[in-house]
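Structural description and commentary
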Amino acid sequence: MRLKSLILGAACAAALTSPAFAQSLTAITGGRVLTGTSVIENGTVVIQNGRVVSVGTGAAPSGARIIDARGKVVAPGFVAVDSGLGASEISSVGGSDDQSNGANSISASFDVSYGLDPWSFTLPVARLGGITRAIVVPSHPGGSGGHNHQDDSDFAGVGEGGYQAPSLFAGQAAVIHLAQGTDILVKPRVAMVAPFGEAGAGVAGGARGAEFTQFKETLAEVRLYARNKAAYDRAGLRDLSLSRADLEALIPVANGSMPLIVTVHRAADIQQVLRLAREEGVKVILDGVEEGWLVAGQIAAAGVPVLLNPISNLPGNLETRAVRMQNAAVLDAAGVTIAIKGNEGSIHRARETRYNAGNAVSHGLSYESAIEAITVNPAKIFGMAGEIGELRAGAAADVVVWSGDPLEPLSIAETIFIDGAEQAPTSRQFLLRDRYRSGGEGAMPPAYPR
């Protein structure tokens, strides 16, 4: 009997997410619509063939399936940034963690998209928190403070043709969707990742100045290689500190076509990263930025976006002495484009992204800016503007109907569409809860009688 129920449940979930179901004309009517950039009262959102057809106040088209959203809030699916969703199941279990790589011959060329798991238990949990897309980033071995390395081979250009060990670069990020199915990859190689500040200094040998020098030398080598590939092929070029795969991966960074996500915390380090970006013509995205409010004007003037956790409020080390919960509000007021992150790597706690946005509102960020920071801003930062994170004609039909304000923890995502396909509102945790709560035959082991 239990097997029959499980099969029936799986069949229902498959039906909800089938391509035919995603193509049906659906109108969500009567709700308070948050488009990502505006608010429409008593709005109507029409979707078909995986796309948003229209957003406005008109009547539902004839023949459409109607979802009554009166008294509810309709919002675009949220975008998790700086996330490990689909790439890491349990960080302490190496075989389930494909977010990091320790090989010194594969660093910048490490492509996190090849390790994505569409069946990860973390995806449905995040989906129930309104997350429909995520920017999955590789983690760096120095990301928790780094390590000091005394071997000279750790430095760029040093050694018998040896490669950097470890490298300054963690690898390349990818965009995913969280829909049920067998392929969650949307776009690979959307950004490169590198730590700066204390973590980056540890990778480079212990001093911040060493890291900046090594970074500049590395980009010089990449540009040398890009100009002289034929000479490199016939061994007519001097020894370089990176493998060919890494050199190729860094060409878009060196020419400014691929953004570099720079993990940095201290205000002084932020200033130096902005200087480095100017000098090298590199496009950067700042990540962390706990002391960003101290140099908000400089970040805004540079036109550099920021990924941050607005609930960071305790100085864990000397890099975050001036951390404060008004950071997001100050940066936004200065004109910085901000995107709000989830907690603890935005994997198991990615669903808390909306809670963090709500906390930012309670510390001075406007409600409108908080919604933008988890919808349109991440899309804009990672080159997906108009495609995701917004309810507008032509955008992907990532739509969530909430029981109430999505920034309120007690609100529930009642109906979730990703690319127009309705998602089963459940997770492994819910299934286990229901299994053991029902008290049906075989629900409890004999050792645990009721």
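The structure displayed is predicted, hence computed values, not measured ones.

Here's the deal with the pairing of strand 2 (residues 39-48)
In terms of strand pairing, strand 1 (residues 26-34) meets strand 2 through 7 bridges, oriented antiparallel. Looking at strand 2, one finds that valine 33 is bridged to isoleucine 40. Here strand 2 runs beside strand 3 (residues 51-56); their pairing, made up of 5 bridges, is antiparallel. For valine 46, the partnering residue across the bridge sits in strand 3 and is serine 54. Hairpin connection between strand 2 and strand 3: a loop of 2 residues separates the two successive antiparallel strands, and asparagine 49 in this loop has a positive phi of roughly 55°.

Topic: empty space enclosed by the protein
Under the criterion given, the structure shown has 2 cavities of 30 Å³ or more. Approximately 40 Å³ is the volume found for the largest cavity. Lining the largest cavity, in full, are Gly288, Glu290, Asn309, Pro310, Ser312, Val323, Arg324 and Asn327. For the second largest cavity, the calculated volume is near 30 Å³. Taken together, Phe215, Leu260, Val262, Val273, Leu276, Ala277, Val282 and Val284 form the lining of the second largest cavity. Of all the secondary structure elements, the ones that give two or more residues to the lining of the second largest cavity are strand 10 (260-264) and helix 8 (267-280). Considering each element in turn, the lining of the second largest cavity owes the most residues, 3 residues, to helix 8. When the residues that make up the lining of the second largest cavity are grouped by side-chain class, the tally is 8 nonpolar, no polar and no charged.

Topic: the sheet that holds strand 12 (residues 306-308)
If you walk across this open sheet you meet the 8 strands as 6-7-8-9-10-11-12-13, and the pairing is mixed. Of all the strands in the sheet, just strand 6 (78-83) and strand 13 (338-340) have a single pairing partner and so form its edges. Taking the axes of each pair of neighbouring strands and ignoring which way they run, one obtains an average angle of 25° across the sheet. Here strand 9 (residues 185-195) runs beside strand 10; their pairing, made up of 4 bridges, is parallel. Its bridge partner lying in strand 10, valine 193 is registered against isoleucine 261.

Rules used throughout
Residues numbered from 1 in each chain as written. Predicted model: local features only at pLDDT ≥ 70, side-chain atom pairs only at ≥ 80, totals over all residues. Heavy atoms only, no water. Pairing = 2+ DSSP bridges. Helix = DSSP H or I, 4+ residues; strand = E, 2+ residues; numbered from the N terminus. 1 Å grid on protein atoms, 1.4 Å probe; cavity = no way out; pocket = protein on both sides within 12 Å on 5 of 7 lines; lining within 4 Å. Points joined across faces, edges and corners; volume = space filled by probe spheres on them. Nonpolar A, V, L, I, M, F, W, Y, C, P; charged D, E, K, R; others polar. Axes fitted to C-alpha atoms, helices over the stretch in contact; angles between N-to-C directions.

These values are about where atoms sit, not about what they do.
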